[in-house]
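Residues per chain are reported as follows:
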Amino acid sequence: MRAVELEIFNNLFSAIADEMGIVLRRSSFSPNIRERCDFSCAIFDEKGELVAQASHIPVHLGAMPETMKNILPLFKWDKGDVIITNDPFCGGTHLPDITLIKPVFYQNELIFFLIVRAHHADVGGKYAGSMAVTTHIEEEGILIRPTYLVKKGKIQESFLKDFINKLRNPYEREGDLKAQNASLLRGEKRLIEMCEKYGVSKLKEISEELKDYSQKAMEKLLEKAPSGEFSFVDYLDDDGFREKDIPIKVKIVFEKNKVTVDFSESAPQVKGCINATKAVTHSAVYYVFLSLLNTIGAYPVNEGCFRPIKIITKSGTVVSATYPSAVAAGNVETSQRIVDVLLGALSGAFPDLIPSASCGTMNNIAIGNENFAYYETIGGGMGARPGKDGLNGVHTHMTNTLNTPVEALEHEYPLRIERYALRKNSGGKGKYRGGDGLVREYLFLNSCSVTILSERRIHSPYGLFGGEPGKKGENILIRGKEKIYLPGKVNLQVREGDKIIIKTPGGGGWGKEE
Amino acid sequence: MQVAIDTGGTFTDLVYLESGFLKSKKVFSTPKDPSEAVLKAFSQLSDKAKILIHGSTVGTNAFLERKGAKIAFITTSGFEDILFIGRQARPKLYDFFVEKPRPFVLEKNCFGLNERIDARGKVIKPLEPHEIEKVLKKLRKNPVESIAVCFINSYLNPSHEKKLKKELSFLEIPVSLSSEILPEFREFERASTTAINAYLSPVMSKYLGKLRDKLSEVNLYIQQSNGGWMTVEEAGRFASHTILSGPAGGVNGAYILAKYFGKSKIITFDMGGTSTDVCLIDERIPFTKEYNLDGFPLSIPVIDIHTVGAGGGSIAYVDEGGALKVGPESAGADPGPACYGKSLFPTVTDANLVLGRLLPDVFLGGKFKLQKERSLKALSSIAKKLNLSLEETALGIVRVANIVMSRAFRRVSLERGYDPQDFTLICFGGAGGLHVCSLSRELEIKEIIIPKLAGSFSAFGLLFSPPLKDFSQTVWIESKEKKKLTEHIENFKRSALSYVKKLGLEPDNFTCEIFLDMRYKGQGFELTIPYSEDYIDVFEKEHEKQFGYIAHQFPVEIVTLRVRLKGSPVENNWKIEKSKNFCPLFQTRVFTEKGWIEVPVIDWNSLNIGETLKGPALIVEEFTTVWVEENFQVKVDENYTLRLFKL
């Protein structure tokens, strides 16, 4: 009855990860978490291998195995511990993503780990929102090396107070951490109930089988690719400083039911904050292969999916940055370009399954002053698909965060949104059209500091098989009668009455227009 | 005499009370013009009915098939595209070929007007006549059948929407204002709800108009998704409120039945052909304001029913990794499961037939013979892939279907801080009886109630549902501003009562329930709390129950105020007559985890009140089969209701 049990336990495990997400989302305080669902929950086994995850944000989920691998050996795990970290160089993504890890014991035996990662609206640093154009990790915010938030059931008050008091909104941070912890407790409760019902040995056995099952499915997919080598290169616009046209190169080699993805030829890490950590690069690779896997069925996402995929990155490059480089946008921007590069290469191997480049940026905007910190991302055009147009005004690939309702935003912050619309005709033409980007117009009712981190302002999203590229994005400041074009990455001070207009890129077209 | 008629996918059911006895009629539904079946059922009554409560799927179907009216959507300039952008997220993450929900408004019929109200409700850009003229010109050139209006921040100040409605009145088409349909914050949800209403209003009005012409001597009332009925005019104006009235009827039926047996904590289980509906009731019927209609938010109060894509017609298959899957694809009623004779889809119904739990000769009272050999054939390819026997395969299919359904139960219970063990399961709908024992084992529920009229349960629920009207308003009040809150409540109550009076109903007979949508300041989701003196404590207790923590030092805010006016339903004193036996007692074989076992087949109609029996047994009736597992005791209670207890 293995076939039946796989489906039963797959459902049981993923229901737990889902439930953790519900608890977190509905009781958290950061708009990033509650409105935009910028968080992820996952279950790992005692070896640190992924057993189940809820479908939240791809850029987190693929990175969590890396986190677990890094953190597992650092502690002697005890009942009632919770470890906290946001260290990008220890399997993290960027500083605002705070990760909590909890070991789950059953009758004194360590059996599982639970992880909850969530994007907090602010973790200190020079600029509100902790998403700014910087050059050093310590400027970006507070770096929490893996440490105890709770030790043997006791909250480490001195750490917590010390940490939150350095932030712009300690009340909100404390609320979010409470919500994250509540989510872990819920997950723990459910796993223990499962142990009681089915027994630990059964759960261990079935989680191994689930991994083998997903591995087998991934191998089936990889077998469908022609053996051989596929390469592609695309460029990041700039790093916010002097570096321009930063190449990311990939070489993908298929061999029977395995694949090697090699980024060694990519650019060295740069001064500005677009450096991606190794964990982020792994996320992008997993995202692409999991989406391909989806074309042959709905399989549980766990360690097994990753086994047939070998990823090579060179330490010190823009896809595997090291301390103390700035990484805030590596997670949100570079991750998208890594996906573009992977898709470009894979369009040779799976021509019927690969879309043209999507908007390729999350169009991050962080706004704040001494009273508040707010951060949001704006969707764009989706690349056209073989047989289908791309979707308009939507988040693609490594993110899927919701927008904040205009009425919620205006109620809480000194801002007015004057326009939120599709950017007509920004999608690339082709047999199938790329999706249109978005336009969002902010009017500031108070002076604020603003950071924009965006890409695809210089290099357009590419089309495939003769499709035209999507339109590039634009960032514009309106001050009185002046209209100032802003660079893709910028920190600036705005005054009352200033306006910022963000126009996001369209998706690339697919196939020649007839 | 009061009558209730529920239009379902296959049958249209009529239920009424005759000298204290509950009677029912069943006719085939007429999907092309549902009123035909309604009138046909009604004409079979010998006595004249005075009141007819009707649950209709006209609105839901028109939306699902995108056959609503041609509408215009008018909003603040700069926001014309909000219905297409939605929340800017894609419905599936790891899917390159994902689609957004199918739109129901044309892009060219969305208009933006130059006007603006700020986040405090202050007009900062007045709505000028020439702006209105601009849109009128376009509407004259390109006429529409219905209009939805949703201006930014109109939930705080409806003056611009009202002004526009007045100027549009000469067009003599329905105009839905967001400040009337849903005066709550979050523009996309409000716009979507308002547009759905505009889209369905003409269809609903037309349908109801026709019914009323044909049934001029009857007082016609329409069931709503909140579980109560409203007048025909009101249902036409607020067509979006008629969505889901069928399932709402079922839940109401379960609620009444539960009360009858002195139960206040129940979970309803309604398994149909393509999906399963589950609702948890703790004292009162719960409602949600986060209902999603085919991809679009419908944020009015809807009975909180959780649906999963597993039903009798769900199709089983083996995926490339070798796991057995069931659904969400369904064979539906047509072509239906393999045993219906039109397809070779291996479904859950086929699995039950192979296991001997569904009897080919007594299905629908023997009027429709199921073809077991087709089920065996359909399952054989799966059995081969899994290297299992046909019976083991069938058992696997049932187990997987059960786990999918149990996920719905978890959603409504455990995930919201309820323990299913404290609840009684109420099972109705055609297919549920075959799965209910194993589900209750999975969830550790000790008692199951299965009503005799399971086949027309939604209509039964309609018959005893009350008149009901919900009102809401976003207010943004700090929880400690008690005086401000009471003032708001009093005003709001008064205007709600006068509204109901204008509908020709008697507000004196109405009870008034008040709810507060509350949250810790800074959170993004509200908990709906019944208003009482200690509302802050109640909120915090509920917060702890659902999320596991209280934050005492954090400020609490009241986001939205809700008033629910509820009339009294007809007195529910009813009895069921004993029906004629239709099938003699015999023995059959059923496949279980222990292999094939001998099981008696018992005609439900042959059972007497007070009788008890022990599983394993199959209890059959025209529209339902109950598979009573071993270790369950059955007690036949009042009105031939089956009560199953776990031993």
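Residues numbered from 1 in each chain as written. Chains lettered and ligands numbered in written order. Predicted model: local features only at pLDDT ≥ 70, side-chain atom pairs only at ≥ 80, totals over all residues.

### Some remarks on the overall build of chain A
Across its full length, chain A carries twelve helices and 20 strands. Along the first, second and third principal axes, the C-alpha atoms of chain A reach 70 × 55 × 40 Å. Contacts spanning at least 24 positions in sequence make up 75% of the contacts within chain A whose residues lie at least 6 apart. (Helix = DSSP H or I, 4+ residues; strand = E, 2+ residues; numbered from the N terminus. Contact = placed C-beta atoms within 7 Å.)

### Some thoughts on the domain arrangement of chain B
Domain assignment breaks chain B into domain 1 (2-64 + 205-245), domain 2 (71-200), domain 3 (468-566) and domain 4 (586-646). Here the C-alpha centroids of domain 2 of chain B and domain 4 of chain B sit 55 Å apart. (Domains from an automatic or database assignment.)

### A few points about unusual backbone geometry
Residues apart from glycine generally show negative phi values, whereas peptide bonds are mostly found in trans. With an omega dihedral of 5 degrees, the bond running from Y323 of chain A to P324 of chain A counts as a cis peptide bond. With respect to the secondary-structure elements, P324 of chain A resides in the loop between β11 (309-312) and α11 (328-346). The omega torsion across G615 of chain B and P616 of chain B is 5 degrees, close enough to zero to call that bond cis. With respect to the helices and strands, P616 of chain B occurs in the loop between β30 (612-614) and β31 (617-620). Even without being a glycine, N425 of chain A presents a positive backbone phi close to 60 degrees. By the element assignment, N425 of chain A lies in the loop between β14 (415-423) and β15 (437-444). Even without glycine at this site, R456 of chain A takes up a positive phi of about 55 degrees. The topology assignment puts R456 of chain A in the loop between β16 (448-453) and β17 (474-479). For R456 of chain A, a count of 30 C-beta atoms within 10 Å corresponds to the buried category. (Buried ≥ 20, exposed ≤ 12 C-beta atoms within 10 Å, placed from the backbone.)

### A word on the interface of chain B and chain A
Each partner contributes residues to the interface: chain B has 51 residues there, and chain A has 62 residues. Sorting elements by how many residues they give to the side of chain B that touches chain A places helix α12 (residues 390-412) of chain B first, with seven residues. Tallied by class, the residues present in the side of chain B that touches chain A amount to 26 nonpolar, ten polar and 15 charged. (Nonpolar A, V, L, I, M, F, W, Y, C, P; charged D, E, K, R; others polar.)

### Quick notes on the packing of helix α7 (residues 170-198) of chain A against helix α8 (residues 200-223) of chain A
Residue and element names in this part refer to chain A. For the pair α7 and α8, the least separation of the axes is 7 Å and the interaxial angle reads 105 degrees. Accordingly, the angle class assigned to the pair α7 and α8 is roughly perpendicular. Residue-level inspection shows M194, C195 and Y198 of α7 in contact with α8, the latter providing V200, K202 and L203. The residue makeup of the contact of α7 with α8, split by class, is five nonpolar, no polar and one charged. (Axes fitted to C-alpha atoms, helices over the stretch in contact; angles between N-to-C directions. Parallel < 35°, antiparallel > 145°, perpendicular 65-115°, else oblique.)

### Some remarks on the environment of G466 of chain A
All names here are of chain A. With respect to the secondary-structure elements, G466 resides in the loop between β16 and β17. Judged by C-beta crowding, with 13 C-beta atoms within 10 Å, G466 ranks as partly exposed. As a C-alpha pair, G466 and G511 span 45 residues in sequence and 4.7 Å in three-dimensional space. In this structure G466 touches G430, G511 and K512, once residues within four positions along its chain are discounted.

### What to know about the nonpolar core
Counting residues in hydrophobic clusters, the biggest one holds 319 residues, and the most contacted among them are L342 of chain A together with I71 of chain B. Considering each element in turn, this core owes the most residues, 13 residues, to helix α1 (residues 2-27) of chain A. Setting aside residues no more than four positions away along its own chain, I71 of chain B makes contact with V105, N109, V144, E145, S146, I147, A148, A195, A198 and Y199 of chain B. Core analysis: the next-biggest nonpolar cluster, separate from the first, contains 13 residues, L516, Y520, I529 and A551 of chain B among them. (Core = buried A, V, L, I, M, F, W, Y, C linked by C-beta atoms within 7 Å.)

### A few points about the domain arrangement of chain A
All names here are of chain A. Domain annotation for chain A reports domain 1 (2-213) and domain 2 (355-514). The gap between the C-alpha centroids of domain 1 and domain 2 is 30 Å. Facing 19 residues of domain 1, the contacting portion of domain 2 comprises 21 residues. Elements represented by at least two residues in the side of domain 1 that touches domain 2 include exactly α2 (31-34) and α3 (58-61).

### Things to note about the sheet that holds strand β26 (residues 527-530) of chain B
All names here are of chain B. Strand order in this open sheet of four strands is β24-β27-β25-β26, and the pairing throughout is antiparallel. The sheet terminates laterally at β24 (468-478) and β26, the two strands that pair on one side only. With strand direction ignored, the average angle separating the axes of adjacent strands in the sheet is 25 degrees. By the bridge criterion, four bridges tie strand β25 (residues 511-520) to β26 in an arrangement that is antiparallel. From the neighbouring strand, L516 faces β26, where its bridge partner is I529. (Pairing = 2+ DSSP bridges.)

### Digging into the sheet that holds strand β28 (residues 586-592) of chain B
Paired through their backbone hydrogen bonds, the strands of a sheet run either parallel or antiparallel. Residues and elements named next belong to chain B. Taken together, the four strands give an open sheet; going across it, the order is β28-β29-β31-β32, and neighbouring strands pair in mixed fashion. In this open sheet, the two strands that pair with only one neighbour each are β28 and β32 (625-628). On average, adjacent strands in this sheet sit at an angle of 30 degrees to one another, irrespective of strand direction. Pairing of β31 with β32 involves four bridges; the strand directions are antiparallel. When the bridges of β32 are listed, L618 appears paired with W627.

### Section: the environment of A357 of chain A
Residue and element names in this part refer to chain A. If you trace the backbone, A357 turns up in the loop between α11 and β12 (364-369). Residue A357 is classed as buried on the basis of its 37 C-beta neighbours within 10 Å. For A357, the residues in contact, after removing those within four places along its chain, are D340, G383, P461, Y462, G507 and G508.

### As for the environment of Y127 of chain A
Residues and elements named next belong to chain A. Looking at the element boundaries, Y127 is found in the loop between β5 (109-119) and α5 (137-140). Residue Y127 is classed as buried on the basis of its C-beta count, with 22 C-beta atoms lying within 10 Å. Measuring from C-alpha to C-alpha, the distance between Y127 and E140 comes to 7.6 Å, with 13 residues separating the pair along the chain. Sequence-distant contacts of Y127, defined by excluding residues within four places in its chain, comprise A132, A366, S449, T451 and N491.

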